[in-house]
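# Results of the structural survey
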Amino acid sequence: MDAIRDRLRDLPFFAGLEAKTLTAIAAVSVWQSVPGGWELFSQDTRSDALHINISGRLIVVRTNQEGEDHVVGYVRAGEPAGEMSVLSGETHSASVFALRDTEILSIKLEEVNRLILEHGDFAAALARIVLDRARHPKASFQQSAPRIFAFIASSPSIDVDAHVRELANRVSRYQVNATYFPATEDALDSRAFDRVENAHDVVLLAAKVDHSPWYRFVLRHADRFLVLARRDGRPSEPFPLTAEHGIRARKFRLVDLVMLAEGVKTTSAAQWMDAIGASRIINLKDNSCVDRLARIIAGKSVGLVLSGGGARAYAHIGAVRAMRESGVPIDFICGASMGAVVAACVSMDWSQAEMEQRITEAFVSSNPLGDHVLPVVALTRGSRVDHRLMHHFGDAKIEDLTTPFFCVSSNIVNGTARIHNRGSLRKALRASIALPGILPPVIEDDALLVDGAVVNNFPTDIMAALHRGVTIGVDVAREGVIDINAFRDPPGFFSWVFQHGFSAAPPIVSLLMRTATARREDISTERPADIMIAPNVSGVELRDWKKFDIAVAEGYRTAKASIEENWATLAPIIRAANKK
């Protein structure tokens, strides 16, 4: 009992409780271990106990009527689980699993009721946690950053110890207290490991796929898995990332694929992603990619979001130039519509000069939307856009890009955003820029995809969920993007053609483009950008494809000013990234 009482004193939930209350809790508690992957309790079952996480990590999962599982939160060390069901007498609203090996303190229902009646400070502690979770239902996502990272070598030829040692060193540059354990045979004592975890911000575990006690220990204790794979290797299916008893919980364990630039490419990254259930892929092509992985582990990565906005999206090119000159790293990048095109240029690892040259060739030299037709599904054939995407991006795959990338399109069948994070880059971009009524939509399975701006023109929420660092957003689709004078007493179709010819885009093109990108600016975004850059490109309309220099210059000027304004946030990342 003394051991339990001593342990309770160190946990946040019990802070401030009187000594006699701690003694009473210790006397009626049962200390138990829950292996990683095991279920603590099931949704829709009656509660028989209050559970308090002593060490480890629990994950809260709710199953809807269609049988789909959704993660709704995490329970960290020192927090209770099942308190709502205990207090209300209702069934559990969600299931709770041990994400990794977890120690639990369980108090039977009748003992909880007695403690509430006899110890007011215990009742108050329970009430505080219930109110806090009700007021901040998503706080557990923000506070439950992974701390234990397992690096799994998929081949004996991969020197996983060297990779982990180097990463631990680079992570430490970001003022993160990191340590690592090399691959071995024997498992660690759980209590000793708990002490190491509590003394560090990040712990890296190196392991090889085998049947050793160490590998089983790593599987049970990691918060996040990173599978190291060679280009000439093939994954085993299923890849052994959890024990059989944890099959259901396995899909909630976050897995990254780290592709090493080793060997002759004989297998695709997509095959590896499918085999291990990867949520992200990081390609290690050079030292800058290793630095990116270190920032990801340290929680210091930089995600860049580029909005749609037609020709105004040229401003993104200037913003990227400002970031590169200032040394701001870009670890993840995404975009919608024309923002997606610029994001793809960055992710292709093109230099500033090459990016500007290619964008000029594709969009400035001649109108990309100039192949007008009498409309059936769109005002243009889309053949010019298709040809230019093929010329510049060819058969590139999203999963092979240097900088992790995604773009969004809009499925107008069900009104949802489609996230393109793998497969053909060219086809993803074609869907993301398919402005309704201007370019023909893209059919993908049962989805009819149009411009990403229709549903989510500024996907900062998706980017913020992808990483734990700083999210920078560049938005060019605000006010002043359309000339209302073009719609005062407009001429008829043949009068327009007589005055401007067939190659010029009529005002309806601007109208459709603005309709696709318009949104209410007073609606607060659930997960906005940490640093917001909004170039005032008032002199550039959505279809002003010739005004490249004006938009680029304004994007550069605004981004430079924003970087200076947010220097306190960015400087530690920049200095650590440049440290040798």
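In case you missed it, the structure is sitting above this.
The following refers to the structure shown.

Conventions and cut-offs
Residues numbered from 1 in each chain as written. Predicted model: local features only at pLDDT ≥ 70, side-chain atom pairs only at ≥ 80, totals over all residues. Heavy atoms only, no water. Helix = DSSP H or I, 4+ residues; strand = E, 2+ residues; numbered from the N terminus. Buried < 20%, exposed > 50% of the residue type's maximum accessible area, 1.4 Å probe, protein only. Areas by Shrake-Rupley, 256 points an atom, 1.4 Å probe, with all protein chains shown as cover. Expected span 1.5 Å × (residues − 1). Contact = heavy atoms within 4.5 Å. 1 Å grid on protein atoms, 1.4 Å probe; cavity = no way out; pocket = protein on both sides within 12 Å on 5 of 7 lines; lining within 4 Å. Points joined across faces, edges and corners; volume = space filled by probe spheres on them. Nonpolar A, V, L, I, M, F, W, Y, C, P; charged D, E, K, R; others polar. Patch = residues over 30% accessible without salt bridge, like charges linked within 9 Å, V, L, I, M, F, W, Y side chains within 5 Å. Salt bridge = Lys/Arg side-chain N within 4 Å of Asp/Glu carboxyl O. Phe/Tyr/Trp six-rings, centres within 6.5 Å; stacked < 30°, edge-to-face > 60°. Lys NZ or Arg CZ within 6 Å of the ring centre and 35° of its normal. Pairing = 2+ DSSP bridges. Axes fitted to C-alpha atoms, helices over the stretch in contact; angles between N-to-C directions. Core = buried A, V, L, I, M, F, W, Y, C linked by side-chain atoms within 4.5 Å.

## Side note on the overall build of the protein
When you go through the protein residue by residue, the secondary structure sums to 23 helices and 22 strands. For the protein, the residues scored as buried account for 54% of the 580 residues in total. Here the protein displays about 25700 Å² of accessible surface, and carbon together with sulfur accounts for 52% of that area.

## Here we look at helix H22 (residues 548-565)
Helix length check: H22, at 18 residues, gives a terminal C-alpha distance of 26 Å against a target of 26 Å (1.5 Å per residue), a fit within 8%. Those residues of H22 hidden inside the fold are in contact with helix H13 (314-326), helix H15 (352-364), strand S22 (531-533) and helix H23 (567-578).

## Description of empty space enclosed by the protein
Enumeration over the complete set of coordinates arrives at three cavities of 30 Å³ or more. In this structure, the second largest cavity encloses a volume near 70 Å³. Going through the elements one at a time, helix H14 (338-347), H15 and helix H16 (383-393) are the ones with two or more residues in the lining of the second largest cavity. Classifying every residue of the lining of the second largest cavity by side-chain character gives eight nonpolar, one polar and two charged.

## Some thoughts on a nonpolar patch on the surface
Judged by side-chain polarity, Ile 412, Val 454 and Val 455 come together as a nonpolar surface patch covering roughly 220 Å² of accessible area. If you trace the backbone, Ile 412 turns up in the loop between strand S17 (405-411) and strand S18 (416-420).

## Structural notes on the packing of aromatic side chains
All chains considered together, the criterion is met by nine aromatic pairs. Each ring, one from Phe 181 and one from Phe 193, has its centre 6.1 Å from the other, and the planes form 50°; the classification is tilted. A residue pair is termed long-range when its members are at least 10 positions apart, and Phe 181 in strand S10 (residues 178-181) and Phe 193 in helix H8 (residues 190-198) qualify at twelve residues. Overall, the relative accessible area of 18% leaves Phe 181 in the buried class. Taking relative accessible area as the criterion, Phe 193 reaches 1% and is therefore assigned buried. Looking at Arg 321, its charged tip hangs above the ring of Tyr 556, at a distance of 5.5 Å from the centre. A cation sits over an aromatic face here: Arg 358 above Trp 350, 4.2 Å from the ring centre.

## Re the sheet that holds strand S3 (residues 49-55)
The pairing of strands in a sheet happens through backbone hydrogen bonds and is either parallel or antiparallel. Here four strands make up an open sheet; going across it, the order is S1-S8-S3-S6 and the pairing antiparallel. Both outer strands of the open sheet, strand S1 (29-34) and strand S6 (80-81), are each paired with one neighbouring strand and no more. As defined by bridge partners, S3 adjoins S6 across two bridges and the pair is classed as antiparallel. Paired with Ile 52 across the strands is Pro 80, a residue of S6. Strands in contact with helix H4 (residues 109-118) are S3 and strand S8 (102-108); relative to S8, the strand with the most contacts, it is inclined by about 70°.

## Some details on the pattern of salt bridges
Should their charged atoms come close, side chains of opposite charge can pair. Here the structure, examined in full by the defined rule, presents 27 salt bridges. Ionic pairing is found between Asp 223 and Arg 57, a salt bridge with its closest N-O pair at 3.6 Å. In this pair, Asp 223 sits in the loop between helix H9 (213-221) and strand S12 (224-230) while Arg 57 sits in the loop between S3 and strand S4 (58-63), placing the two residues 166 residues apart along the sequence. Side by side, Asp 223 and Arg 57 carry an identical accessibility label, which is buried. Between Asp 256 and Arg 280 there is a salt bridge, and its shortest N-O distance comes to 2.8 Å. Taken as a pair, Asp 256 in strand S13 (residues 254-260) and Arg 280 in strand S14 (residues 280-284) lie far apart in primary sequence, 24 residues in all. The two residues Asp 256 and Arg 280 agree in class, both being buried. Each of Arg 57, Arg 100, Arg 147, Glu 197 and Asp 223 takes part in one network of salt bridges that share partners.

## Some words on the sheet that holds strand S2 (residues 39-41)
Across the sheet, which stays open at both edges, the four strands sit in the order S2-S7-S4-S5 with antiparallel pairing between neighbours. Across the chains shown, the open sheet's two edge strands, defined by having one partner strand only, are S2 and strand S5 (69-75). Here the average twist between neighbouring strands, direction ignored, is 35°. Sheet topology note: the S2/strand S7 (residues 95-98) ladder contains two bridges and is antiparallel. Pairing of Glu 39 across the sheet is with Phe 97, part of S7.

## Notes on the nonpolar core
Within the largest apolar cluster, 98 residues are counted, with the highest numbers of intra-cluster contacts made by Phe 151, Tyr 314, Phe 405 and Ile 472. The leading source of residues in this core is H14, at eight residues. When sequence neighbours within four positions are dropped, the list of residues in contact with Ile 472 reads Val 302, Gly 303, Leu 304, Val 305, Met 323, Val 328, Ala 529, Ile 531, Ile 533 and Leu 570. Within the second largest apolar cluster, 29 residues are counted, among which are Leu 205, Tyr 215, Met 259 and Trp 272.

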